[in-house]
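What the coordinates show
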Amino acid sequence: DQQVKQNSPSLSVQEGRISILNCDYTNSMFDYFLWYKKYPAEGPTFLISISSIKDKNEDGRFTVFLNKSAKHLSLHIVPSQPGDSAVYFCAARTQGGSEKLVFGKGTKLTVNP
Amino acid sequence: DARVTQTPRHKVTEMGQEVTMRCQPILGHNTVFWYRQTMMQGLELLAYFRNRAPLDDSGMPKDRFSAEMPDATLATLKIQPSEPRDSAVYFCASGARGYGYTFGSGTRLTVV
């Protein structure tokens, strides 16, 4: 039972355009959401996060949007750069102090020059 | 630049053999996670520790997997006996009661 779903295994965009990566979740107890980026042969690295009390968090070229009613979040990268090519994982944490992160299966982003 | 160190980076072993993977968390981090990445399941949590005490190992097959933290600088994940379906990349991550965690580079395990 996948509680965090990334339905697009891959996404290809042109350099300079916007990349939008989507994530859906089913567990209404999730209160914190994170995006991780992973290059081949490396571990995931933290990118950006958002608390359930917010609907938007921005950090440079990266913005995460949260729609609680739809149980949906998205990561926007503007403008996209070839160095952004990686696998992006969405993750969520439940309320109550548990530190466990539940991950989606990832979306492979390719930014073409 | 603080990092989580995992050894070995790659391991090829025969079915039935014991495999031990090691993780050195970042100094001062008191929470340690073991994740497994497969194509089918993505990143699955196997176990996690806080202050060296196991808090949750529900994601781990108990009959063959075991996870320990003999001290604050070392976490181990052991598989005995190993099976081909255990082939995956195993990641260790550490954190300090924050919302994000630092991952190691992983151990790529192949069981033939």
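Here is a short report on the structure shown in this document.

What counts and what doesn't
Residues numbered from 1 in each chain as written. Chains lettered and ligands numbered in written order. Predicted model: local features only at pLDDT ≥ 70, side-chain atom pairs only at ≥ 80, totals over all residues. Heavy atoms only, no water. Helix = DSSP H or I, 4+ residues; strand = E, 2+ residues; numbered from the N terminus. Rg over C-alpha atoms; globule rule 2.2 N^0.38 Å. Contact = heavy atoms within 4.5 Å. Areas by Shrake-Rupley, 256 points an atom, 1.4 Å probe, with all protein chains shown as cover. Lys, Arg positive; Asp, Glu negative; His and termini not counted. Charge placed at Lys NZ, Arg CZ, Asp CG, Glu CD. Buried area = accessible area lost by both parts, 1.4 Å probe. Salt bridge = Lys/Arg side-chain N within 4 Å of Asp/Glu carboxyl O. Polar contact = N/O pair within 3.5 Å; in protein donor to acceptor, adjacent residues only side chain to side chain. Pairing = 2+ DSSP bridges. Disulfide = S-S within 2.5 Å. Buried < 20%, exposed > 50% of the residue type's maximum accessible area, 1.4 Å probe, protein only.

Let's talk about the overall build of chain A
- Looking only at helices and strands, one finds 0 helices and 11 strands in chain A.
- What you see in chain A, going N to C, is helices and strands ordered as β-β-β-β-β-β-β-β-β-β-β.
- Relative to its length of 113 residues, chain A is compact, with a C-alpha radius of gyration of 13 Å against a globular reference of 13 Å.
- Overall, the C-alpha framework of chain A stretches about 45 × 30 × 20 Å when taken along its three principal axes.
- In chain A, 54% of the contacts between residues at least 6 apart in sequence involve partners at least 24 apart.
- With an accessible surface of roughly 5,400 Å², chain A has 49% of that area assigned to carbon and sulfur atoms.
- Distance between charge centres in chain A, computed from 13 positive and 10 negative side chains, equals 4 Å.

Details of the interface of chain B and chain A
- Counting residues at the interface gives 21 residues for chain B and 19 residues for chain A.
- Overall, the association of chain B and chain A removes approximately 1,700 Å² of surface from exposure, summing both partners, and the carbon and sulfur fraction of that is 53%.
- At the boundary of chain B with chain A, the tally comes to 1 salt bridge.
- Across the chain B-chain A interface, the total number found is 5 residue pairs in polar contact (both at pLDDT 80 or more).
- Of all the secondary-structure elements, those providing two or more residues to the side of chain B that touches chain A are β4 (31-38) and β5 (42-50) of chain B.
- In terms of residue count, the dominant contributor to the side of chain B that touches chain A is β5 of chain B (5 residues).

A look at the sheet that holds strand β6 (residues 56-59) of chain A
All names here are of chain A.
- The antiparallel open sheet is built from 5 strands, whose spatial order is β1-β3-β8-β7-β6. The strands lining the two open edges of the sheet, one partner per strand, are β1 (4-5) and β6.
- Across 2 bridges, β1 lies against strand β3 (residues 19-25) in antiparallel orientation. In the sheet register, Lys 5 faces β3, and the bridge partner there is Asp 24.

Quick look at the state of the cysteines
All names here are of chain B.
- Scanning all chains against the criterion turns up 2 disulfides over all chains.
- Linked covalently through their sulfurs, Cys 23 and Cys 92 form a disulfide whose S-S length is 1.9 Å. Negative torsions about the S-S bond denote left-handed disulfides, and the value of about -60° found for Cys 23 with Cys 92 makes this one left-handed. Taken together, the residues Cys 23 in strand β3 (residues 19-24) and Cys 92 in strand β9 (residues 88-95) connect sequence positions 69 residues apart.

Describing the pattern of salt bridges
- Taken as a whole and assessed by the stated rule, the structure comprises 8 salt bridges over all chains.
- The closest approach of N and O atoms between Asp 56 of chain B and Lys 100 of chain A, which form a salt bridge, is 2.8 Å. Placement of Asp 56 of chain B in strand β6 (residues 53-56) and of Lys 100 of chain A in the loop between β9 (86-94) and β10 (101-103) is noted, with the two residues assigned to different chains.
- The partner of Asp 86 of chain B in a salt bridge is Arg 64 of chain B, with the nearest N and O atoms 2.6 Å apart. You can see Asp 86 of chain B sitting in the loop between β8 (74-79) and β9 and its partner Arg 64 of chain B sitting in the loop between β6 and β7 (65-71), a full 22 residues away along the chain. Of the two residues, Asp 86 of chain B and Arg 64 of chain B, neither departs from the other in class, the shared state being buried.
- The structure contains a network of salt bridges with shared partners spanning Arg 64, Glu 83, Arg 85 and Asp 86 of chain B.

Limitation: the analysis is restricted to geometry and does not speak to function.
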